[in-house]
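# Analysis of the macromolecular model
What follows is the residue order along each chain.
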Amino acid sequence: MKSKMTTAIDIRDVVKTFGEVTALHGVSLGIADNAFFTLLGPSGCGKTTLLRLIAGFEDVTSGEIRLFGESIARLEPNRRPVNTVFQHYALFPHMSVIDNVAFGLKMQGMDLPARTARAGQMLEMVHLSDYADRLPAQLSGGQQQRVALARALAPAPKVLLLDEPLSALDLKLRQAMRVELKQLQEDTGITFIFVTHDQEEALTMSDRIAVMSAGQVQQVGSAQEIYEAPVNLFVADFIGETNLLQVEVHEVREGRATVTLPGGHRFACPSAPVAPGRHALSIRPERVTITPGADLSATVDRVVYLGSDLQVLVRLADGSPFTIRLQNAARTEVPGPGTRIGLHLEEGAARLLAD
Amino acid sequence: MAGGDTSWRPLARPLLIPAWLVIGIFALLPVLLMAVYSFLTKEFRGGVIWDFTLTAYDQFFITRGLFGDEAAQVEWTYITIFGLSILQAGICTALCLIVGFPTAWFIATRPARTRAVWLFLITIPYWVNLLIRTVSLKFLIRDNGPLNEGLMSIGLIDGPLPLVNTNLAVQLGLFYSYLPFMVLPIYAAVERYNFALSEAAADLYASRWTTLREIVLPVVRPGIVAGCILVFVPALGAFLAPDLLGGAKTFMIGSLIEEQFKGSQGNWPFGAAVSMILLSLVLMALLIYARAAAREGER
Amino acid sequence: MKGVRYYPGFLPLTVLCLVILYAPLIVVMAYSFNGSTSITKWGGFSLRWYVDVFTGPDAGRFGQAAWNSLTIALMAATSATVIATAAALAMVKGGRFRGKGASFALINLPLMVPEIVTAVASLIFFTAIGLTTGYGTILVAHMAFCIPFAFLPIAARLEGIEGSYEQAARDLYATRAQAFRLILLPLLAPGLASGWLLAFIISLDDFIITNFVKGAGMETLPTAIFGSVKQGIKPNIMAISTLMLAVSVLFVTAAYLINRKGQKTP
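## Points about the packing of aromatic side chains
Using the criterion set out here, one finds 38 aromatic pairs over all chains in the structure. Above the face of the Tyr176 of chain B ring, Arg133 of chain B is positioned so that its terminal group lies 4.8 Å from the ring centre. One cation-aromatic arrangement involves Arg61 of chain C over Phe62 of chain C; the distance from NZ or CZ to the ring centre is 5.0 Å.

Below is the structure:
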């Protein structure tokens, strides 16, 4: 089924160096049409560089970028049918809102009545029709953000690039915009490529996510795949909260590994293809339940109240710290500090990682 | 990843060509040529003969008597003029700092609206022609000028204070000329100053003046140093204030240089040599400043 | 309780500072309206010296000098602004390149060399290459001298303009030239205006360099005033001074307003 989908952006072996520093080490990535695709990673991982290469603000050192089959890697930015929503919006401060939105249309040679009409439609779409004649500085951060969206969408680009567009907004607005952005992507049918370092943002909006680190793509997958089946230590650690235990691996067969847990219990779990030896085991804290006589035994250190959840900090038999999360429901029994408890690992809680 | 805008990079050198050419030919080349001239032989109707000699520098530092037949001794005339100029420029810088810092601080701590007015008032003299300002000062302080007349009419003094043609008048002129150069850079520094630092110092039991000495002055130091250089360098080579307000006894470097290029009395190689010595002094001061600034930047 | 911003004695010093700066100017302004021919005695309010400036025996000389000053300042400031703008674009947007430090030092050379030294050097240079000193030499010397003054505000403004504006324009299908003309240039305008104004005033004000390279018979307003003052301060000089003062105030006001407008659009 995958092969039948149209590929909007095809990135092949892209290397980018800045002087001595290599920002991207041979990145290859296919981005399907009509998808909300996110580049996720910590700052300095190369995600913004990759976006700027697609937009054309930097030249690739080597490699190829194709847009619906056509090579664009060596085109000037104004020759690429992709538009960008900049991190701090980059709204032209000396132009009114409507002139900002109409700018790309004007550059494409659209005549004044047509572009005014189109820009008006775009402003209506982002609910800012009343602000057409204002200057950007007279708008709030959220409004500026919408103008930036309208401006980038007005020329109907084949792909929309978004460079951490929500990072300058406050929490409430950010959450509201997530829903709105996703809706906008579905309504327009344009491929969105969204860059962020915020995993929650990535998980809530994206059809597919590419997790990046140190100039390389670590894993590409849906939000669920990335969260529940991280391929390596970096992805498991970066996405969500997890417990990482060094364990002895006995054998790995057909994607399942047999390991010895602290305390001596033998346990089988899904695994990345690794050789026997010591490897990291990731255990998601919300997939652990407290039951007597289970996979692990532990002593409670303290309980942290988080509102909807409770975080229980415990110590395993070998002394290593471990975290579990319980829902703060009425029936939840909370063990007091010093209590000895048993921990049961639910299906999918644990996964053996490649290094 | 606020990356550079690559599209200007290939244009950098071509865009600089006009500036290189104009400043290179009409500012740098003349200074180099002047250095050469300082080693040439003087011609009597002004101008030079292309014979290389150290006569100009010799004349500056060494005397061999009126007829050149006595034992070589240090010539103090010109060194004294330099000393006096450095002293005048130094005093002027100190005075400008003493008045300029409080002014800059006061303006920078006004509320935004009144601050603009104060700043406006300070900037106007900065834009007014220096010659006109110096002439105005001379008009004010001359023997039967408004200042003396006023002081006499209220009976503070019996006769006019002899201000014009004294070192004091020159000093006043220099101070008055270059004061705005001190205020503006310090103002810019104080405006960026984080007043929470002062509050933290006060919170930790520092008095107002201790805070000024220990916290404020070190933090705004770059502005103060910039102001001092902007005052000291032009004051050292000043021509208008000593020429218009001073007399024969208040000769400064600027007047000494100017005299060497006036009509047939002139001595171009000597004038060039004096200019070279002045330029070396200034460049040395700037170099020390640049070194200090670089060291500060490293910290 | 007074805040940490307060220091006793700073207000009186500020007032003193303003008194020192303004007293001579105000006195000269007042005396320019003196009806008497004596510069010491007050002879009632009169505009006779202003009439004298435009119709008196010196009117022709000062008129010609003012014309020279104005045309030289216009041309020197305009060419210096163009050159400085190109240089500022290279220095601020050109990234790193070999010779950048040297270029920066060269652009700022006229600021580092004392004015009297520049004057001497220019005279020697023009004489050595056999150029007749006069209008042309003044203009060329001013142009070179004004470049760093125009450069500073233009470069400062350019530093404040994020690269993303131009990138956004390029992203929205503008060519390089369009992005420059439609985005960068309008954003740079306040810097260009203050750079030009500063260069203009510097050229108009200059006495020392002009005095050295003007040659015989050529006068600008400052050299003409200087020549006249050497024979004593006459009332018509005070009227001329007051007029120039008014022009300066007009310029500061213009610069101030432009600057304030510039701040609104970062």
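## A look at the packing of helix α5 (residues 130–141) of chain B against helix α7 (residues 167–192) of chain B
Helices that pack against each other are described as a pair by the angle of their axes relative to one another and the distance between those axes. All names here are of chain B. Relative to each other, α5 and α7 sit at 140°, their axes nearing to 10 Å. As judged from the angle between their axes, α5 and α7 are oblique. For the pair α5 and α7, the sense of crossing is right-handed. Across the interface between the two elements, Leu130, Arg133, Thr134, Leu137 and Ile141 from α5 touch Ala169, Leu172, Gly173, Tyr176, Ser177, Tyr178 and Pro180 from α7. Considered class by class, the residues forming the contact of α5 with α7 number eight nonpolar, three polar and one charged.

## Observations concerning the confidence of the model for chain B
All names here are of chain B. Mean pLDDT over chain B stands at 86; residues scoring 70 or higher make up 95%. Across residues 1–5 the pLDDT falls below 50, and counting only partners more than four positions away or on other chains, this stretch makes 13 contacts in the model. In the model output, the complex is listed with pTM 0.82 alongside ipTM 0.87.

## Examining helix α3 (residues 59–93) of chain C
Helix length check: α3 of chain C (35 residues) gives 49 Å between terminal C-alpha atoms against 51 Å at 1.5 Å per residue, within 8%. Count one or two residues on from α3 of chain C and you reach Gly95 of chain C, which has phi positive near 65°.

## Digging into a nonpolar patch on the surface
Residue and element names in this part refer to chain B. Side chains of Ile17, Trp20, Leu21, Ile25, Leu28, Leu29 and Leu32 sit close together on the surface and give an oily, nonpolar patch of about 570 Å² of accessible area. Following the sequence through the fold, Ile17 ends up in helix α1 (residues 12–37). Residue Ile17 is classed as partly exposed on the basis of its relative accessible area of 40%.

## Describing the sheet that holds strand β17 (residues 309–316) of chain A
Residues and elements named next belong to chain A. One open sheet holds the five strands; their spatial order is β15-β19-β16-β17-β18, and the pairing between them is antiparallel. Single-partner strands in this sheet number two, and they are β15 (288–290) and β18 (321–327). Across the sheet, the mean angle separating the axes of adjacent strands is 45° when strand polarity is ignored. Note: strand β16 (residues 296–305) against β17, seven bridges, orientation antiparallel.

## Looking at the interface of chain B and chain C
Chain B puts 89 residues into the contact, and the matching count from chain C is 89 residues. Around 8200 Å² of area is buried between chain B and chain C when both sides are counted, 80% of it from carbon and sulfur atoms. In this assembly, chain B and chain C are joined by one salt bridge. Here Lys230 of chain C and Asp243 of chain B are joined by a salt bridge, their closest N and O atoms 2.6 Å apart. Taken together, the connections running from chain B to chain C amount to eleven residue pairs in polar contact (both at pLDDT 80 or more). Element by element, the count of residues in the side of chain B that touches chain C is highest for α1 of chain B, at 20 residues.

## Some remarks on unusual backbone geometry
When glycine is set aside, most residues are seen to have a negative phi, and most peptide bonds are trans. Even without a glycine there, the phi angle at Asp13 of chain A is positive, about 50°. Here Asp13 of chain A lies in strand β1 (residues 7–18). In this structure, Tyr173 of chain C takes a positive phi of about 75° despite not being glycine. Among the secondary structure elements, Tyr173 of chain C is positioned in the loop between α7 (163–171) and α8 (176–205).

## Points about the pattern of salt bridges
If you walk through the whole model with that rule in mind, you get 23 salt bridges over all chains. Taking the shortest distance from any N to any O, the salt bridge between Arg52 of chain A and Glu58 of chain A comes out at 3.2 Å. When sorted by exposure, Arg52 of chain A lands in the same class as Glu58 of chain A, which is buried. When the shortest N-O distance is used, the salt bridge between Glu166 of chain C and Lys93 of chain C registers 2.9 Å. Note that Glu166 of chain C is positioned in helix α7 and Lys93 of chain C in helix α3, a separation of 73 residues in sequence. In this pair, the class of Glu166 of chain C matches that of Lys93 of chain C, namely buried. What emerges from the salt-bridge pattern is a single network uniting Glu76 of chain A together with Arg170 and Arg176 of chain C.

## As for the packing of helix α3 (residues 76–108) of chain B against helix α4 (residues 112–127) of chain B
Residue and element names in this part refer to chain B. Contact geometry of α3 with α4 gives a least axis separation of 8 Å together with a crossing angle of 150°. Along its contact with α3, which presents Thr103, Phe106, Ile107 and Ala108, the element α4 presents Arg115, Trp118, Leu119 and Ile122. Considering only residue class, the contact of α3 with α4 consists of six nonpolar, one polar and one charged.

## Considering the nonpolar core
Core analysis: the largest hydrophobic core is formed by 222 residues, its most contacted members being Ile9 and Phe103 of chain A, Met34 of chain B together with Ile225 of chain C. Excluding its chain neighbours within four sequence positions, the residues that come into contact with Ile225 of chain C are Leu131 and Ile132 of chain B together with Phe62, Ile237, Ile240 and Met244 of chain C. Ala148, Leu153, Leu169 and Leu181 of chain A belong to the second largest nonpolar core, which has 34 residues in total.

## Some thoughts on the sheet that holds β1 of chain A
Residues and elements named next belong to chain A. If you trace the four strands from one edge of the open sheet to the other, you get β2-β1-β4-β5, paired in antiparallel fashion. Each edge of the open sheet carries a strand with a single partner, namely β2 (21–32) and β5 (70–71). Note that β1 and β2 share eight bridges and pair antiparallel. Note that in β2 the partner of Thr7 across the bridge is Ala32. Contacts from helix α1 (residues 47–55) reach β1, β2 and β4 (62–67), with the element oriented near 115° to β1.

## Thoughts on the environment of Ile324 of chain A
Residues and elements named next belong to chain A. Position of Ile324 relative to the elements: it lies in strand β18. Considered as a pair, Ile324 and Ala229 are 95 residues apart in the sequence and their alpha carbons are 19 Å apart. When residues no more than four places from it in sequence are discounted, the contact partners of Ile324 are Pro285, Val288, Ile290, Leu310, Gln311, Val312, Ile341 and Leu343.

What counts, and at which threshold
Residues numbered from 1 in each chain as written. Chains lettered and ligands numbered in written order. Predicted model: local features only at pLDDT ≥ 70, side-chain atom pairs only at ≥ 80, totals over all residues. Heavy atoms only, no water. Phe/Tyr/Trp six-rings, centres within 6.5 Å; stacked < 30°, edge-to-face > 60°. Lys NZ or Arg CZ within 6 Å of the ring centre and 35° of its normal. Axes fitted to C-alpha atoms, helices over the stretch in contact; angles between N-to-C directions. Helix = DSSP H or I, 4+ residues; strand = E, 2+ residues; numbered from the N terminus. Parallel < 35°, antiparallel > 145°, perpendicular 65-115°, else oblique. Left-handed = near helix turned anticlockwise from the far one by under 90°. Contact = heavy atoms within 4.5 Å. Nonpolar A, V, L, I, M, F, W, Y, C, P; charged D, E, K, R; others polar. pLDDT = per-residue confidence, 0-100. Expected span 1.5 Å × (residues − 1). Patch = residues over 30% accessible without salt bridge, like charges linked within 9 Å, V, L, I, M, F, W, Y side chains within 5 Å. Areas by Shrake-Rupley, 256 points an atom, 1.4 Å probe, with all protein chains shown as cover. Salt bridge = Lys/Arg side-chain N within 4 Å of Asp/Glu carboxyl O. Buried < 20%, exposed > 50% of the residue type's maximum accessible area, 1.4 Å probe, protein only. Pairing = 2+ DSSP bridges. Buried area = accessible area lost by both parts, 1.4 Å probe. Polar contact = N/O pair within 3.5 Å; in protein donor to acceptor, adjacent residues only side chain to side chain. Core = buried A, V, L, I, M, F, W, Y, C linked by side-chain atoms within 4.5 Å.

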